[in-house]
Structure formats: C-alpha cells, structure tokens
Amino acid sequence: MDATMDAGTAGRAATQAYVMGLQNAHALEKQATQLLRRQIERLESYPEVEALLRRHLEETEGQIDRLDGLLTEMGSGPSAVKDMATMFTGNLAAVAHAVMPDEVVKNHFANAAFEAFEITTYESLIAMAEATGHGVHVPVLEASLDEEVATEETLQGMTAALSRKYLSLLEAGGTAKR
C-alpha cells in the first residue's frame with residue numbers, strides 16, 4: 001500500500017494530524033519568543049546578535065499570528081497546554097545557558113539548532129497542507145519558512161565572527177559571556 005496521499009484522499013485522521021502540527025508549530029513559536037526575550041535581556045557585548053534576535057522576535061510574533069489564523073480557519077485554536085509547556089521549557093533553556101561562562105556561544109549553537117527544527121517543522125506543515133487539501137495555507141506557511149531560513153543562514157554566517165569576538169573579549173577581560 002502506498003503511504004502517500006493526495007489532496008483528494010485526505011481523511012479525518014490526516015486533517016486532525018495537520019491541525020495538531022499547526023498547534024505544535026504554534027507552541028514551538030511560543031517557546032521561541034521566550035528564548036529570544038531571555039537572550040535579548042542578557043546581551044551586553046554583542047549588538048549584532050541583539051539586532052538579529054530582536055528582528056527575529058518580531059518575525060516570530062508574526063508567525064504566531066499567522067498560525068492563529070490558520071488554526072481559526074481549521075475551526076481550532078492553539079493548545080494552551082502545549083503553549084504553556086514550551087514557554088516554560090524555553091525559559092528553562094535560557095536560564096541553563098545563563099550560568100555558563102560561554103553563554104553567548106552556547107546560545108548561538110542552540111539558536112542555530114532551533115532554527116533547523118523550525119525549518120523542518122514548516123516543511124512538514126507545507127507537505128501536510130498540500131496532502132490534506134489545504135493548499136491555500138502553503139503561501140502562509142512558506143512566509144514563515146522563508147523567515148526561518150533567512151535567520152538560520154544569518155546565524156550560520158555569523159558563527160566565525162561571533163566566536164572570534166567572544167575570544168577577543170575574553171582575552172581583554174571584558175564581558176565575553178553575554
């Protein structure tokens with residue numbers, strides 16, 4: 001039996017899985033807002049990182065709004081339990097790195113990994129939208145995907161410079177960790 005389906009064969013279970021995926025993405029973006037806010041609050045010596053995180057926080061809030069719209073269109077809404085749980089873990093993750101002497105570097109690694117996770121999430125949602133006959137959702141999901149890809153590429157592009165700046169501040173006795 002072929003495990004793929006087209007828009008014409010999507011059933012109730014597939015549509016419910018798509019809605020659950022939208023809820024999961026909503027919770028993921030809520031987690032991202034907490035991670036970004038905590039990092040922005042603590043940054044002192046890395047204005048280029050702060051600018052990127054502030055821009056992406058605005059994008060993330062827009063992504064949440066777009067997901068809210070898709071969920072409403074599907075006759076659903078975000079999962080309060082998932083949102084609360086991921087926001088809590090986002091805060092915990094930020095706190096865990098705050099005590100590290102190389103906080104900014106660890107946050108950078110985590111941010112790059114988180115972006116990869118979000119990119120894969122949106123790619124999956126696009127496939128689910130198409131498979132369940134909700135192709136009109138694809139441009140909305142692609143807008144979020146494009147933002148995540150751009151942020152991930154920016155993060156990757158700044159890794160070497162950020163690492164060198166961290167070492168330079170560390171050697172100079174400045175505030176290197178954040």
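Residues numbered from 1 in each chain as written. Predicted model: local features only at pLDDT ≥ 70, side-chain atom pairs only at ≥ 80, totals over all residues. Heavy atoms only, no water.

## Side note on the overall build of the chain
Counting its regular elements, the chain contains 5 helices and 0 strands. Ordered by position from the N terminus, the helices and strands of the chain form the series α-α-α-α-α. Going through the 178 residues of the chain one by one, you find that 43% of them count as buried. Sequence-distant contacts, at least 24 apart, represent 81% of the contacts inside the chain between residues at least 6 apart. Element-wise, carbon and sulfur atoms account for 61% of the exposed surface of the chain, whose accessible area totals about 9,000 Å². (Helix = DSSP H or I, 4+ residues; strand = E, 2+ residues; numbered from the N terminus. Buried < 20%, exposed > 50% of the residue type's maximum accessible area, 1.4 Å probe, protein only. Contact = heavy atoms within 4.5 Å. Areas by Shrake-Rupley, 256 points an atom, 1.4 Å probe, with all protein chains shown as cover.)

## So, the nonpolar core
Residues Tyr 18, Leu 22, Leu 67, Tyr 122, Leu 125 and Leu 141 are the most contacted members of the largest nonpolar core, which totals 16 residues. Those elements that place two or more of their residues in this core are helix H1 (12–42), helix H2 (47–73), helix H4 (103–131) and helix H5 (138–172). Looking at this core, the element that brings in the most residues is H4, giving 5 residues. Sequence-distant contacts of Tyr 18, defined by excluding residues within four places in its chain, comprise Met 74, Leu 125, Met 128, Ala 129, Thr 132, His 134, His 137 and Leu 141. (Core = buried A, V, L, I, M, F, W, Y, C linked by side-chain atoms within 4.5 Å.)

## Quick word on the environment of Tyr 166
Of note, Tyr 166 is situated in helix H5. A relative accessible area of 12% means that Tyr 166 is categorised as buried. Along the chain, Tyr 166 and Tyr 46 lie 120 residues apart, while their C-alpha atoms are 9.0 Å from each other.

## Topic: H5
Taking 1.5 Å as the rise per residue, H5 with 35 residues should run 51 Å; its terminal C-alpha atoms sit 49 Å apart, in good agreement. Of all the bends in H5, the greatest measures close to 45° and is centred on Thr 159. The set of residues buried in H5 consists of Val 138, Leu 141, Ser 144, Leu 145, Glu 147, Glu 148, Thr 151, Glu 152, Leu 155, Met 158, Leu 162 and Tyr 166. In this fold, the buried residues of H5 make contact with H1, H2 and H4. One or two positions beyond H5, positive phi appears at Gly 173, with a value near 80°. (Expected span 1.5 Å × (residues − 1). Bend = angle between axes of the 7 residues up to and from the residue.)

## Let's talk about the confidence of the model for the chain
Atom-level detail of predicted coordinates should not be read off regions where pLDDT is low. With 85% of its residues at a pLDDT of at least 70, the chain reaches an overall mean of 89. Model confidence for the chain, summarised as mean pLDDT per element, is weakest for helix H3 (residues 80–98) at 68 and strongest for H2 at 97. (pLDDT = per-residue confidence, 0-100.)

## Describing the pattern of salt bridges
A full pass over the atoms with the stated rule returns 8 salt bridges. For Glu 41, the salt bridge identified is with Arg 38, shortest N-O distance 2.8 Å. Placement of both Glu 41 and Arg 38 in helix H1 is noted, with a separation of 3 residues, approximately one turn of the helix. In this structure, Arg 54 and Glu 50 form a salt bridge, with 2.8 Å as the shortest nitrogen-oxygen distance. Of this pair, Arg 54 and Glu 50 both sit in helix H2, 4 residues apart, roughly one helical turn. A residue is classified by how much of its surface remains accessible, and Arg 54, at 42% relative accessible area, is partly exposed. Residue Glu 50 is classed as partly exposed on the basis of its relative accessible area of 23%. (Salt bridge = Lys/Arg side-chain N within 4 Å of Asp/Glu carboxyl O.)

## Quick look at the packing of H2 against H5
Across the interface, H2 lies against H5 with an axial gap of 11 Å and an inter-helix angle of 165°. Accordingly, the angle class assigned to the pair H2 and H5 is roughly antiparallel. The way H2 lies across H5 gives a crossing that is left-handed. Contacts between H2 and H5 involve Pro 47, Glu 48, Val 49, Leu 52, Arg 55, His 56, Glu 59, Gln 63, Arg 66, Leu 67 and Leu 70 from the first element and Val 140, Leu 141, Ala 143, Ser 144, Glu 147, Glu 148, Thr 151, Thr 154, Leu 155, Met 158, Leu 162 and Lys 165 from the second. Its residues placed into classes, the contact of H2 with H5 shows 11 nonpolar, 5 polar and 7 charged. (Axes fitted to C-alpha atoms, helices over the stretch in contact; angles between N-to-C directions. Parallel < 35°, antiparallel > 145°, perpendicular 65-115°, else oblique. Left-handed = near helix turned anticlockwise from the far one by under 90°. Nonpolar A, V, L, I, M, F, W, Y, C, P; charged D, E, K, R; others polar.)

## A few points about the packing of H1 against H2
Helix-helix packing is described using two parameters, namely the angle between the two axes and the distance between the axes. It is at 9 Å that the axes of H1 and H2 come closest, and there the two elements cross at 155°. As judged from the angle between their axes, H1 and H2 are roughly antiparallel. Handedness of the H1/H2 crossing: left-handed. Along the lines of polarity and charge, the residues of the contact of H1 with H2 split into 12 nonpolar, 7 polar and 7 charged.

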